[in-house]
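# Reading the structure
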Amino acid sequence: MSKSGREEDVRSSSSQSMVEKTLEVAKASVFGERKEKEMKKETRLGISAKKDEDFPSWYSQVCRFGELITLSDTKGLYILEPSATKIWNTLRSYMDAELEKLGGVEEKKFPMLIKRDSLEKEKDHIEGFKPEVAWVTRAGEHDLPTPYALRPTSETIIYPYFKNRIRTHRDLPMKVNQWVNVVRWEVSDPIPLIRGREFDWQEGHSAFATKEEADEEVLEVLNIYSRVYEDLLAVPVIKGRKSDKEKFAGADYTTSVEAFIPTTGRGVQAATSHCLGQNFAKMFEIAFEDKEVKRDKKGKIIKPMVWQNSWGLSTRSIGVMAMTHGDEKGLVLPPKVARHQVVVIPVPFKGADTKRISQECQAVKATLQGAGVRVIVDEQENYACGWKYADWEMKGVPLRIELGPRDLEKNQVRVVRRDTGAKMDVLRVDLVEKVKDLLEVIQRDLYDVAKRKLEECIHKVETWDEFKEALRLKKLVLAPWCDEVEVENDVKENTKGENEAGAKTLCTPFDQPELREDTLCFASGKPAKKWTYWGRSY
Ligand code: 87F
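Residues numbered from 1 in each chain as written. Predicted model: local features only at pLDDT ≥ 70, side-chain atom pairs only at ≥ 80, totals over all residues. Heavy atoms only, no water.

Per an unreviewed UniProt entry, the chain carries the name Proline--tRNA ligase and comes from Brassica oleracea. According to UniProt, the comment filed for the chain under the heading Catalytic activity (unreviewed entry) is "tRNA(Pro) + L-proline + ATP = L-prolyl-tRNA(Pro) + AMP + diphosphate". (UniProt positions renumbered as here; feature names shortened; annotations may be inferred.)

This next bit is on the environment of H340. Relative to the helices and strands, H340 resides in the loop between α10 (316–325) and β15 (342–346). For H340 and K395, which are 55 residues apart along the polypeptide, the C-alpha to C-alpha distance reads 9.5 Å. In contact with H340, other than residues within four places in its own chain, are R374, I376, W392, V397 and P398. (Helix = DSSP H or I, 4+ residues; strand = E, 2+ residues; numbered from the N terminus. Contact = heavy atoms within 4.5 Å.)

Take the sheet that holds strand β17 (residues 399–403) next. The 5 strands lie next to each other as β16-β15-β17-β18-β19, forming an open sheet whose pairing is mixed. The outermost strands of the open sheet, each flanked by one partner alone, are β16 (375–377) and β19 (423–427). Strand-to-strand twist of the sheet, defined as the mean angle between neighbouring strand axes without regard to direction, takes the value 25°. Pairing analysis gives 5 bridges linking strand β18 (residues 412–417) to β19, with the strands arranged antiparallel. Residue pairing across strands places Q412 opposite L427, the latter belonging to β19. The sheet contacts of helix α14 (residues 431–457) involve β15, β17, β18 and β19, and relative to β18 the element is tilted by about 5°. (Pairing = 2+ DSSP bridges. Axes fitted to C-alpha atoms, helices over the stretch in contact; angles between N-to-C directions.)

According to UniProt, the "domain: Aminoacyl-transfer RNA synthetases class-II family profile" (unreviewed entry) feature falls on residues 86–334. Strand forms 31% of residues 86–334 and helix 31%; the C-alpha atoms that close the span are 12 Å apart.

What follows is about the sheet that holds strand β4 (residues 113–115). The 3 strands are arranged β4-β6-β5 in an open sheet whose pairing can be described as antiparallel. Each edge of the open sheet is held by one strand with a lone partner, namely β4 and β5 (135–139). Averaged over all neighbouring strand pairs, the angle between strand axes comes to 45°, with direction disregarded. As paired strands, β5 and strand β6 (residues 142–150) are joined by 4 bridges and run antiparallel to one another. In the sheet register, A139 faces β6, and the bridge partner there is H142.

For the rest of this paragraph, the subject is the packing of aromatic side chains. Inspection of every chain in the model, using the stated rule, returns 17 aromatic pairs. Ring geometry for F280 against F284: centres 6.3 Å apart, planes inclined by 20°, an arrangement best described as stacked. Taken together, the residues F280 and F284, both in helix α9 (residues 279–284) and 4 residues apart, mark about one turn of the helix. Between the NZ or CZ atom of R266 and the centre of the ring of Y538, over which it lies, the distance is 4.4 Å. The positively charged end of K460 is found above the aromatic ring belonging to W531, 4.8 Å away from the centroid. (Phe/Tyr/Trp six-rings, centres within 6.5 Å; stacked < 30°, edge-to-face > 60°. Lys NZ or Arg CZ within 6 Å of the ring centre and 35° of its normal.)

Between the first and last C-alpha of helix α11 (residues 354–370) there are 24 Å, a value that for 17 residues agrees with the 24 Å anticipated at 1.5 Å per step. Those residues of α11 not exposed but buried are I357, E360, C361, V364 and L368. Down the axis of α11, the buried side of the element spans an arc of 105°, and every buried residue falls inside it. Looking at α11, the residues exposed on the side facing more than 90 degrees away from the buried face are K355 and G370. Packed against the buried residues of α11 are β15, β16, β17, α13 (405–409), β18 and α14. (Expected span 1.5 Å × (residues − 1). Buried < 20%, exposed > 50% of the residue type's maximum accessible area, 1.4 Å probe, protein only. Arc of directions from axis to C-beta.)

Attention now moves to the site of the ligand. Lining the immediate surroundings of the ligand are 17 residues, of which H125, T153, E155, R184 and H274 lie closest. Contact distances for the ligand include 2.9 Å between a nitrogen atom and a side-chain N or O atom of T153. In this structure, an oxygen atom belonging to the ligand sits 2.7 Å away from a side-chain N or O atom of H274. Look at the ligand: alone it shows 470 Å² of surface, and the protein chains cover 95% of it. Residue assignment for the shell around the ligand shows that the elements contributing at least two residues are α6 (123–127), β8 (198–208), β11 (266–277) and β14 (307–314). (Near = heavy atom within 4 Å. Polar contact = N/O pair within 3.5 Å; in protein donor to acceptor, adjacent residues only side chain to side chain. Areas by Shrake-Rupley, 256 points an atom, 1.4 Å probe, with all protein chains shown as cover.)

This part takes up the domain arrangement of the chain. The domain boundaries assigned to the chain delineate domain 1 (55–325), domain 2 (342–448) and domain 3 (457–535). Each of domain 1 and domain 3 has a C-alpha centre, and the two are 28 Å apart. On the domain 3 side, the residues contacting the 19 residues of domain 1 number 16 residues. Between domain 1 and domain 3, the buried area comes to about 1400 Å², and carbon and sulfur atoms account for 67% of it. Inspection of the domain 1/domain 3 interface yields 1 salt bridge. For the salt bridge of K504 with E246, the shortest nitrogen-to-oxygen distance reads 3.7 Å. On inspection of domain 1 and its partner domain 3, the count reaches 6 residue pairs in polar contact (both at pLDDT 80 or more). (Domains from an automatic or database assignment. Buried area = accessible area lost by both parts, 1.4 Å probe. Salt bridge = Lys/Arg side-chain N within 4 Å of Asp/Glu carboxyl O.)

Written out as structure tokens, the structure reads:
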């Protein structure tokens, strides 16, 4: 019997194929930032790093061998492979439909180059981000008369457009969304999909006549983000509000969905929805003539400023998904976003009617495809079945169907779940129903398992000692806080590790546990105002 307990496969794994694959890795690595030593022990044969021993290497291998990304010749720039683009396109379609329901959101596309003067017009919010801005300074042989920034975000190109387009209350609300790539020249070590120098995102920007409308939209969009994570990526998130220290500098307040990676004990900001108040409206002079025209003493029409929001979700979401569900064998894809939901693998052995097996595999494919399942058959002849099983497991395909001579005899197939490894024989007549059912079960189970792990990680503490201990245990710490920035700074300083940044506030969850009146801040001893999540973060 083979390792999988199935009929023996006569085609031994060809040594040529292994060499080929190893070479592939070597080639790919030339274009990467990885150290040579690291490269040597790594082959394409499997994930060699352990999730709970060396998470960074494990994660990098999962992203590359799972074929989400390929490294390019520049640090922090990645090639998105079909598995990742499929996920991104799925999120995009879902978001577009949700934004359509929200109403009035127009998809547009703004230029990717921003004149220096435009970018710097608005100094306050850009100040802290300046080191990350990348510039285009030459065209051909000549220096450009003015440098252009590669957009790191598009406020400075969209808000001048808002100023021109918004004249009266009839032009409001104005809501635009664009799906584009942005460049932020990070100096810290890149992490595939989580922190790179270029990434894809959608950025939404809206303007309203009233603060109430803006406030309402902030939460509506946050709820869409939460559903993208929970319903599509099967990743549980926490909705809440950022502290004043952690909010976007240009915003009145920032809300976010936060995810947590139990293995590393780090939080990760999964998407943000900002209420910008009238901050940008004042800077960019975005004002409108109201329904009831009011005039000043000199008879001049008073034009109120608009109320603005902005919101963004990026390809970081794919990285959070990979970190959440991936295991020792590689990537685990939730069925709703998987490019291939099912892989069919022929399992012939000596003397078997390989042609018939192949035909049946194609028939299974056709049946499932007809039922709307995304399915592929792996008929490569130079790889053994066992090798193929491991390869598709690495790529995270939710279900594997094995089909050999004994299955043919019994009119059945062997179905194997990627997430649990559970195997079952399914009669061909029941196949469509069973596969569809299993895909739904896997989607739900991935979420439930991740949700349970997240809940197990949450530690509610009330004292500094408890806080330190919870942090040491890599927990997501929920603590009563006085809401003072000095305390946040102190906590960060006092939790700095040798090689790791200190803990910070992740968010103040909307879902607040009861706060007894006499509850004190875990760090300052002053009266606590709220329960807030703290942790190290990405
Ligand atoms: C990096 C360089 C320059 C983040 C930057 O979150 C500017 C920035 O403004 C910058 N990194 N930000 C904040 C982005 C805020 C906001 N923009 C629209 C979003 C959602 C989409």
